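Structural characterization, general
These are the residues of each chain, in order.
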Protein chains: 2
Amino acid sequence: MNFPQVNGHRLLRRIQELGQIGCLPGGGGTRLALTDEDKQGRDLIVGWFAEAGASVYVDKIGNIYGVLGGSVDTPPIMTGSHIDTVSRAGFLDGCYGVIAGVELLQAIGESGLTPDKPIAVTVFSNEEGVRFSPDLLGSRVIAKDIALDEALAVETRDGKSFQSELQRIGYAGEIEPWKFIPESFLELHIEQGPVLEATETQVGVVEALQGHSWWQVEIVGCANHAGTTPMHLRKDAGVAAMQLACRLQEYSALDHLPNVTTVGTFALEPNAVNVVPGKAKFTIDFRDSDDGQLRKADALLQSEVMKLQEQGFEVKLQTLSKAMSVKFDEGLCSLLQGVTESIGASNRRIVSGASHDAQMISRACPSAMLFVQSSKGISHNPKENTPDDDLVLGAQILANAMWTLATSKS
Amino acid sequence: MNFPQVNGHRLLRRIQELGQIGCLPGGGGTRLALTDEDKQGRDLIVGWFAEAGASVYVDKIGNIYGVLGGSVDTPPIMTGSHIDTVSRAGFLDGCYGVIAGVELLQAIGESGLTPDKPIAVTVFSNEEGVRFSPDLLGSRVIAKDIALDEALAVETRDGKSFQSELQRIGYAGEIEPWKFIPESFLELHIEQGPVLEATETQVGVVEALQGHSWWQVEIVGCANHAGTTPMHLRKDAGVAAMQLACRLQEYSALDHLPNVTTVGTFALEPNAVNVVPGKAKFTIDFRDSDDGQLRKADALLQSEVMKLQEQGFEVKLQTLSKAMSVKFDEGLCSLLQGVTESIGASNRRIVSGASHDAQMISRACPSAMLFVQSSKGISHNPKENTPDDDLVLGAQILANAMWTLATSKS
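Within each chain, residue numbers correspond to sequence positions counted from 1 in written order. Both sets of labels track the order of writing: A upward for chains, 1 upward for ligands. Per-residue local features are limited, in this predicted model, to residues with pLDDT of at least 70; the limit for side-chain atom pairs, both in listing and counting, is 80 or more; totals at the level of whole chains, interfaces and linings are taken over all residues. Side-chain calculation: all heavy atoms of the structure are included, whereas hydrogens and water are not.

Next up on the list: the overall build of chain A. The way it works is that DSSP assigns letters per residue, a run of H or I at least four long becomes a helix, a run of E at least two long becomes a strand, and they are numbered from the N terminus. A count of helices and strands for chain A gives 12 helices and 16 strands. Here the C-alpha radius of gyration of chain A, 24 Å, is about what a compact globule of 410 residues would show, namely 22 Å. Principal axes of the C-alpha set define a box for chain A whose edges measure 85 × 50 × 40 Å. Computed with a 1.4 Å probe, the accessible areas rest on the Shrake-Rupley method; for each residue, only the protein chains presented here act as cover. Carbon and sulfur atoms form 49% of the exposed surface of chain A, whose accessible area is close to 15,400 Å². Radius of gyration: over C-alpha atoms. The globule rule applied is 2.2 Å multiplied by the number of residues raised to the 0.38 power.

What follows is the structure, given as structure tokens:
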């Protein structure tokens, strides 16, 4: 099969060019959703869509679509990601997937090939959720996870609505967000974790996104003099909290129950060198791609809390956030794996710990993701990086997979 | 043997009366060293000394002595404690021991008895060390742990010297602080811990004061995404710190190595729910009455730190404070125990976790302490309390022991 060939130099140059918009003197860049910087980034992508010969559409939630070939009424083969960022971000998160899509469209135009089905590249609005909450807003509306009206009404902290900001930057489109429900969706992204680099694997075929269960735990014991209170007469909230935190993290390390557990925040009261802690407060972040494992972890936590209560501690347990896991389409995973192997690149199945637009789109159509390495696993950070060769490789695998889907009979 | 009989009502009334000076609307009271409130308290005690017929002396560091009977050139049998407080303190810490001493002098006067040796009751300056550091300043100077000049030069945070404040309140005396080095010293105090109450024991014969070793530990690992970083690829500073803290406290709980270990402060960085902690900082408070055990605990900590360093963590270890333990005089402990048993009160040997003036005086002469119960072990707190009967009992045991010493041939 003849595949459109991506131009690596152009791909890398465009990634750098988009990264200039909103870049900061101290390193990294900030391009929050629907700001002037986001508008500049959108304009740049729209110009590249036009250069590639694609038709450009904008929907009512501000998602931008570059579409090439086929009939407008045929469900497209879609890829895409986002170009909004967190504060002081790196230059790859989201942008890489969008620009690889732009490159696919341009490579098709240059190849003289014609797809049987339309190929669409989407720039989703407000993936990061920094300026407007919730995150994944553009893809949520497509998946009808949130109603369009409700999404347009969300506001910044200083009271600017999503709708008014879309209008202000000129990206309040006319079409319905669910007009282009695709036949299949693929998202190319950096891993944002260390697994591929640590295992010297070039690409990861993402078969699932982890769900999460976040808790806040508050344990009340009894504050006392650290010199005069014997160990067996203490009700030390700090020791109880640390033992619980260690035990939960050990279940993950030894038995993957759940896949990962993190105690990221921890505080003691009164927090004095010579006082036995009377109160401890900490958070637990459980993640797993199997919701059953998450439910088991939640039950484990609750049974551990009951043991502490039986020992006379007062314990308050509060849910901070919950999200179900996502299983990607096995057919698309196999396709990505086959394409990768046919060009001789090393690969492994991988589970994403972070959220992505594909998580929402997977509710509307068969979806999957492809990861390239993140150097040292660093992301949401100016130090975010991926070797150039891997960026070009990932874009070519995406192109081959998209082309296979757009030219297959179905 | 005829003993001077303490007047329980007068003892309790005087404790209340001293407690009125510096009392706060919200409960508790504050009488920091060498403030106007401290002066009022000192004046009250000096008045009671006079009422008891004692001679009053003030030394150059502001310690007040009420002395009754015997020759001025004979080393006295001494008791005493302090009347300065921490902020928002209870009404018993220190004051109880001083007022029990006052009661002893008055009871002797009323009994018509005459001691063979002088009996001295001392009010030590600045025991708590809140307004002037170091603590135990009056007794430190007597024990020559700190030079008189150096002690007089210590300053408050706003630059007022100990000497100038002594002069201001009228308690810069003429005599040398080591003029009254006693033959024996006894200090009566509340336990400030829960052991006596928990074991339903009336008094504690204090055979030792614990030494302490305070450390600050900082562990640097690697911050990472909590969703995307597998457990086996983490360098989680929080887990390393909690495991170390739990292990050290377990050594104390199971093997008394050392007697007590407390992790009272703990902090994580960046302290976010979804980030694997990159840094953890916490304190360790080791205490034991056996300095060898403290040295073993320090060595244990250092070997645990080396293990963490071998695992790739960066660890900084810093000493915050160290003090050697004190063993009290066995003869005086036996005397206190004998006196207690002869009046049918339950007692046990006990080790003090807190610091007391007796710790310094024990360097100059044979010393020991007697404790009465602290309700729920609470101290340095407006809720500090002891049953009235126990306060009266403790004062009578002190009187009997002091009288025995002051009438024995030596």
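Moving on from the model shown.
A word on the side chain of E103(B). All names here are of chain B. The residue E103 is located in helix α3 (residues 95–111) in this model. Working definition: with a 1.4 Å probe on protein chains only, accessible area under 20% of the residue-type maximum means buried, over 50% means exposed, and in between means partly exposed. Here E103 falls in the buried class, since its relative accessible area comes to 0%. In what follows, residue pairs with any heavy atoms lying within 4.5 Å of each other are defined as contacts. Non-local contacts of E103, meaning those with residues more than four positions away in its chain, are made with V6, N7, R10, L11 and R14.

Turning to the pattern of salt bridges, a few remarks are in order. Residue and element names in this part refer to chain B. Whenever Lys or Arg places a side-chain nitrogen within 4 Å of a carboxyl oxygen from Asp or Glu, that contact is recorded as a salt bridge. Taken as a whole, this structure holds 45 salt bridges over all chains when the rule is applied. In this structure, the salt-bridge partner of K117 is E183, at a minimum N-O distance of 3.1 Å. One end of the pair, K117, is in the loop between α3 and β4 (119–123); the other, E183, is in the loop between α6 (162–169) and β5 (184–190), and 66 residues separate them in sequence. Looking at K117, the relative accessible area reads 7%, which means it is buried. For the salt bridge of R349 with E330, the shortest nitrogen-to-oxygen distance reads 3.0 Å. Taken together, the residues span a long stretch of sequence, with R349 in strand β15 (residues 347–352) and E330 in helix α10 (residues 330–342) at a distance of 19 residues. Accessibility expressed as a relative area gives 25% for R349, which makes it partly exposed.

Okay, the relation of the copies chain A and chain B next. Alignment of the copies relies on least squares applied to C-alpha atoms, considering only residues that score at least 70 for pLDDT in both. Of the transformation superimposing chain A on chain B, the axial component is 0.1 Å and the angular component is 180°, with the fit at an RMSD of 0.1 Å. Viewed as a symmetry operation, the transformation between the two copies matches a two-fold axis. When C-alpha distances to the rotation axis are compared across chain A, the minimum falls at M242(A), with a value of 2.8 Å. A share of 100% of the interface residues of chain A reappears at the interface of chain B, consistent with the copies meeting face to face through the same patch.

What follows covers the UniProt feature "binding site: Zn(2+) 2" (unreviewed entry) in chain A. Residues and elements named next belong to chain A. With numbering aligned to this structure, UniProt lists the feature "binding site: Zn(2+) 2" (unreviewed entry) at D93, E128 and H380. The greatest C-alpha distance among the residues just named is 10.3 Å, despite their covering 288 residues of sequence, which places them together in space. With respect to the helices and strands, D93 occurs in the loop between β3 (77–81) and α3 (95–111). Discounting residues that sit within four places of it in the chain, D93 has contacts with H82, E128, H189, I190, Q192, S379, H380 and E384. Among the secondary structure elements, H380 is positioned in the loop between β16 (367–372) and α12 (388–406). Using a relative accessible area of 38% as the deciding quantity, one classes H380 as partly exposed. A polar side-chain atom of H380 sits 3.0 Å from a polar atom in the side chain of D93. UniProt positions are given in the numbering used here, feature names are shortened, and annotations may be inferred rather than shown by experiment. Here a polar contact means two N or O atoms within 3.5 Å. Within protein one must be a hydrogen donor candidate and the other an acceptor candidate, and residues neighboring in sequence count only if both atoms are side-chain atoms.

Our focus in this paragraph is the interface of chain A and chain B. Residue-level contacts link 51 residues of chain A with 52 residues of chain B. When chain A packs against chain B, the two sides together hide about 3,900 Å² of surface, and 65% of this comes from carbon and sulfur. Reported buried area values correspond to the accessible surface (1.4 Å probe) lost by two parts on association, with both partners' losses combined. Per-residue buried area on chain A facing chain B is highest for M231(A), M242(A) and V273(A); these three make up 17% of the total on that side. Our count for the chain A to chain B interface comes out at 0 salt bridges. Our enumeration of links across chain A and chain B arrives at 10 residue pairs in polar contact (both at pLDDT 80 or more). Looking at the side of chain A that touches chain B, the elements that each hand over two or more residues are α7 (195–198), β8 (224–225), α8 (237–255), β9 (260–262), β10 (266–269), β11 (275–276) and β12 (279–288) of chain A. In terms of residue count, α8(A) provides more of the side of chain A that touches chain B than any other element does, 9 residues in total.

Residue and element names in this part refer to chain A. For helix α9 (residues 291–310), which comprises 20 residues, the first-to-last C-alpha distance of 29 Å matches the rise-based estimate of 28 Å (1.5 Å per residue) to within 8%. Taken together, the buried positions of α9 are D291, Q293, L294, A297, D298, L300, L301, E304, V305 and L308. Those residues of α9 hidden inside the fold are in contact with β7 (211–220), α8, β12 and β13 (314–323). Where α9 begins, the capping side chain belongs to D290, and its oxygen is found 2.7 Å from the backbone nitrogen of G292. Given a helix with a known number of residues, its expected span is that number minus one, times 1.5 Å.

This next bit is on the domain arrangement of chain A. Residue and element names in this part refer to chain A. Domain delimitation follows an automatic or database domain assignment. Considered domain by domain, chain A is made up of domain 1 (8–209 + 325–406) and domain 2 (211–323). Relative to domain 2, the C-alpha centre of domain 1 lies at a distance of 38 Å. Listed per partner, the contact involves 6 residues of domain 1 and 7 residues of domain 2. For the pair domain 1 and domain 2, the summed buried surface comes to about 450 Å²; carbon and sulfur atoms form 38% of the total. Counting the surface domain 1 buries against domain 2, the share from its top three residues, S325, V351 and G353, is 73%.

For the rest of this paragraph, the subject is the packing of helix α1 (residues 8–20) of chain A against α3(A). Residues and elements named next belong to chain A. The axes used here are C-alpha line fits, helices contributing only the stretch in contact, and every angle between their N-to-C directions lies in the interval 0 to 180 degrees. Put simply, α1 and α3 touch, their axes get as near as 10 Å, and they point 140° apart. By the angle between their directions, the pair α1 and α3 is classed as oblique. Along this stretch, α1 crosses α3, giving a crossing that reads as right-handed. Residues R10, L11, R14, I15 and L18 of α1 form the contact with α3, whose own contacting residues are C95, Y96, I99, A100, V102, E103, Q106, A107 and E110. Ten residues, namely Ala, Val, Leu, Ile, Met, Phe, Trp, Tyr, Cys and Pro, are considered nonpolar, four, namely Asp, Glu, Lys and Arg, are considered charged, and the remaining ones, Gly among them, are considered polar. Looking at the contact of α1 with α3 residue by residue, the class counts come to 9 nonpolar, 1 polar and 4 charged. Any angle between 65 and 115 degrees counts as roughly perpendicular, while under 35 counts as roughly parallel, over 145 as roughly antiparallel, and the rest as oblique. Take the far helix as your reference; a near helix turned counterclockwise from it by less than a right angle gives a left-handed crossing, and one turned clockwise gives a right-handed crossing.

Further remarks concern unusual backbone geometry. Here the bond from L257(A) into P258(A) is cis, since omega is -10°, no more than 30 degrees from zero. Omega for the peptide link from S133(B) to P134(B) comes to 10°, which places this bond in the cis form. Mapped onto the secondary structure, P134(B) falls in the loop between β4 and α4 (137–142). Unlike most non-glycine residues, K376(A) shows phi in positive territory, near 55°. Turning to its location among the elements, K376(A) is positioned in the loop between β16 and α12. Residue classification places K376(A) among the exposed residues on the basis of a relative accessible area of 63%. Although it is not a glycine, E200(B) adopts a positive phi angle of roughly 50°.

This part takes up the UniProt feature "binding site: Zn(2+) 1" (unreviewed entry) in chain A. All names here are of chain A. The positions UniProt marks with the feature "binding site: Zn(2+) 1" (unreviewed entry) are H82, D93 and H189. Across 108 residues in sequence, these annotated residues keep their C-alpha atoms within 10.0 Å of one another, forming a single compact spot. On the secondary structure map, H82 appears in the loop between β3 and α3. The residues touching H82, leaving out its near neighbours within four places in the chain, are D93, G94, C95, V98, F124, E127, E128, H189 and D357. Relative accessible area serves as the criterion here: at 8%, D93 is assigned to the buried category.

For the rest of this paragraph, the subject is the packing of aromatic side chains. Given two aromatic rings, their pairing is described by the distance between the two centres and the angle made by the two planes. Each pair of aromatic rings taken from Phe, Tyr and Trp, with Trp reduced to its six-membered ring, is defined by centres within 6.5 Å and is described as stacked if the planes are under 30 degrees apart, edge-to-face if over 60, and tilted in the remaining cases. The full count for this structure, using the stated rule, is 11 aromatic pairs over all chains. By way of ring pairs, the aromatic residues F266(A), F282(A), F266(B) and F282(B) are connected into one cluster. Lysine and arginine charges are scored as sitting over a ring when NZ or CZ, respectively, is within 6 Å of the ring centre and within 35 degrees of the ring normal. For K179(B), the ring lying beneath its charged end belongs to F180(B), and the centroid distance is 5.7 Å.

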